[in-house]
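Coordinate inspection notes
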Amino acid sequence: MKTTNLVTLSSFVSVEDLSVQEVEALIARAQYFKNGGARPHLTEPVYVTNMFFENSSRTHTSFEMAERKLGLTVIPFDPSHSSTKKGETLYDTSLVMQAVGIDLEVIRHPENEYYEELIHPKENEHLNIGVINAGDGSGQHPSQCLLDMMTIYEQFGHFKDLKIAIVGDITNSRVAKSNMELLNKLGAQVYFSGPSYWYDSKYDQYGQFKELDELVDQMDVMMFLRVQHERHAGDPNEAQFDAKQYHEEFGINQKRYDQMKDDAIIMHPGPINRGVELASELVEAPKCRFVRQMENGVFMRMAMIEAVVRGRKLGGLS
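Below you will find a few notes about this structure. Per chain, residue numbering runs from 1 following the sequence as it is written. Thresholds applied to this predicted model are a pLDDT of at least 70 for local features of residues and 80 or more for the giving and counting of side-chain atom pairs; totals over whole chains, interfaces and linings are not thresholded and use all residues. Excluded from the side-chain calculation are hydrogens and water; included are all heavy atoms of the structure.

1. Things to note about the packing of helix α1 (residues 20-34) against helix α5 (residues 142-156)
What counts is decided by this rule: Each axis is a line fitted through C-alpha atoms, taken for helices only over the stretch in contact, and angles between the N-to-C directions span 0 to 180 degrees. For the purposes of this entry, the term helix denotes a DSSP run of H or I that reaches at least four residues, the term strand denotes a run of E that reaches at least two, and both are numbered from the N terminus. Any angle between 65 and 115 degrees counts as roughly perpendicular, while under 35 counts as roughly parallel, over 145 as roughly antiparallel, and the rest as oblique. Any two residues having at least one pair of non-hydrogen atoms within 4.5 Å are treated as being in contact.
At a minimum axis separation of 10 Å, α1 and α5 run at an interaxial angle of 75°. When the interaxial angle is binned, α1 and α5 end up roughly perpendicular. Residue-level inspection shows V23, L26, I27, A30, Q31 and K34 of α1 in contact with α5, the latter providing L146, M149, M150, Y153 and E154.

2. A closer look at the pattern of salt bridges
For side chains of opposite charge, pairing can occur when their charged atoms come near one another. Heads up, the rule is: Each reported salt bridge corresponds to a side-chain nitrogen of Lys or Arg within 4 Å of a carboxyl oxygen of Asp or Glu. Accessibility here uses a 1.4 Å probe with only protein chains present; expressed as a share of the type maximum, an area under 20% marks a residue as buried, one over 50% as exposed, and anything in between as partly exposed.
Throughout the structure, instances matching the rule amount to eight salt bridges. Residues E306 and R29 are paired through a salt bridge, measuring 2.7 Å at the closest nitrogen-oxygen approach. Linking E306 in helix α11 (residues 290-311) with R29 in helix α1, this pair joins segments that are 277 residues apart in sequence. Accessibility classification places E306 together with R29 in one group, the buried group. Measuring nitrogen to oxygen at the nearest pair gives 2.8 Å for the salt bridge that ties D220 to K261. Of the two residues, D220 sits in the loop between α7 (212-215) and β8 (221-224) while K261 sits in the loop between α10 (254-259) and β9 (265-267), which places them 41 residues apart along the sequence. Exposure remark for K261: the relative accessible area of 31% places this residue in the partly exposed category. What emerges from the salt-bridge pattern is a single network uniting R29, E306 and R310.

3. Considerations on the pairing of strand β6 (residues 189-193)
Which entries qualify depends on this criterion: At least two bridges found by DSSP between two strands is the condition for calling them paired. By convention a crossover is right-handed if, when the strands point away from the viewer, the path from the first strand over the helix to the second runs clockwise.
Burial runs high along β6: four of the five residues are buried. In this structure, strand β5 (residues 163-167) lies alongside β6, joined through five bridges in parallel fashion. Following the sheet pairing, K163 is matched in β6 by Q189. A crossover links β5 with its parallel partner β6, the connecting element being helix α6 (residues 174-186), and its sense is right-handed. Note: β6 against strand β7 (residues 207-209), three bridges, orientation parallel. Paired with V190 across the two strands is G207, which belongs to β7.

It is worth stressing that arrangement in space is one thing and function is another; only the former is reported here.
Here is the structure:
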C-alpha cells in the first residue's frame with residue numbers, strides 16, 4: 001500500500017461513502033502513527049467531548065487515548081448527569097457543546113442514524129460541530145470497521161479475494177453491516193454463518209450464508225460477533241438461548257481452531273462472551289487477533305480524528 005494522501009472530512013459517521021483510496025490512506029496513516037510517526041502539530045487548542053449513551057469499554061477508552069495522543073483537549077461528558085435526562089434532545093445538547101466551545105463530538109447512541117439531524121441541520125438551524133460516530137444502534141460502527149481492516153491488512157497485505165466469514169448475531173450487529181459493505185468494496189469474498197434466525201436475506205448481496213463447519217478450513221479470516229442479548233427484546237429465540245449449545249454450533253472451539261489454515265486469523269470486536277463465541281483458552285491464542293484489534297483501534301481512531309480535524313481546519317491544520 002503506497003499512499004501519502006491525508007483524508008479530510010467534516011464529520012466521520014459511516015464507511016459507506018469512503019473510497020478505496022480513502023480507506024487505504026487511513027490504514028497507512030494509522031500504521032504511521034503505530035510505527036512512531038509524529039503527530040500533527042496543533043497551533044491552536046482543539047476541544048473534544050465523548051458522548052457515550054451506551055456502555056463501552058474499548059471504544060470509549062480507545063477514542064480518549066487517541067485524542068490525548070493527538071494533543072486534543074478532552075472535555076468530560078456524563079450522559080447520566082446531562083440534561084438529556086430532563087428531555088433535552090441530542091440536537092440541543094450538541095448546540096450547547098458548540099456554544100461552550102467544543103469542536104468535535106464523538107458519539108455512541110442507541111438510535112440508528114442519530115447523526116443525520118446533527119450533520120444535516122434544517123434551514124432554520126445553525127449547528128456546525130464535527131461528529132465522529134462511535135456506533136449507532138444496529139447501524140454503523142466505522143471505527144471498529146476500519147481497525148478491523150487495518151488488522152486484516154497487517155496480516156495479509158491486501159484484501160483482494162480474501163475469504164472472510166462473519167459469524168453470529170448478524171442482524172443486530174453494526175460491526176457486521178459496516179464490515180460486509182467495506183470488505184466487498186475492497187475486493188474480499190464475504191461469507192456468513194451463525195443462527196439462521198439472526199440472519200436476513202437482504203445480506204445475500206454481500207455474501208453467501210453457509211454452515212460454520214463448511215467454512216472453517218477454507219477461510220482466511222473468521223470474524224465472530226457477540227450475541228447481543230440487549231437487542232433481543234421480543235425475540236422468541238432469546239428465551240430459548242443456551243450458551244453451551246450456541247458454542248457447540250456456532251462458536252470457535254479447539255477442534256475448529258485446529259482445522260483453520262495456518263495463516264488464518266480469528267477476529268472479534270469485543271466484548272467476548274467467553275465460552276459462547278470463543279472458547280476462553282483461545283482468546284489469546286496465536287491465531288486470534290482480539291488483542292491486536294484493540295491495540296490497532298487507538299491508531300486508527302487517531303487517523304479518523306485527524307481526518308476531521310484537518311477537514312474542519314481545526315488546530316491550525318489544513
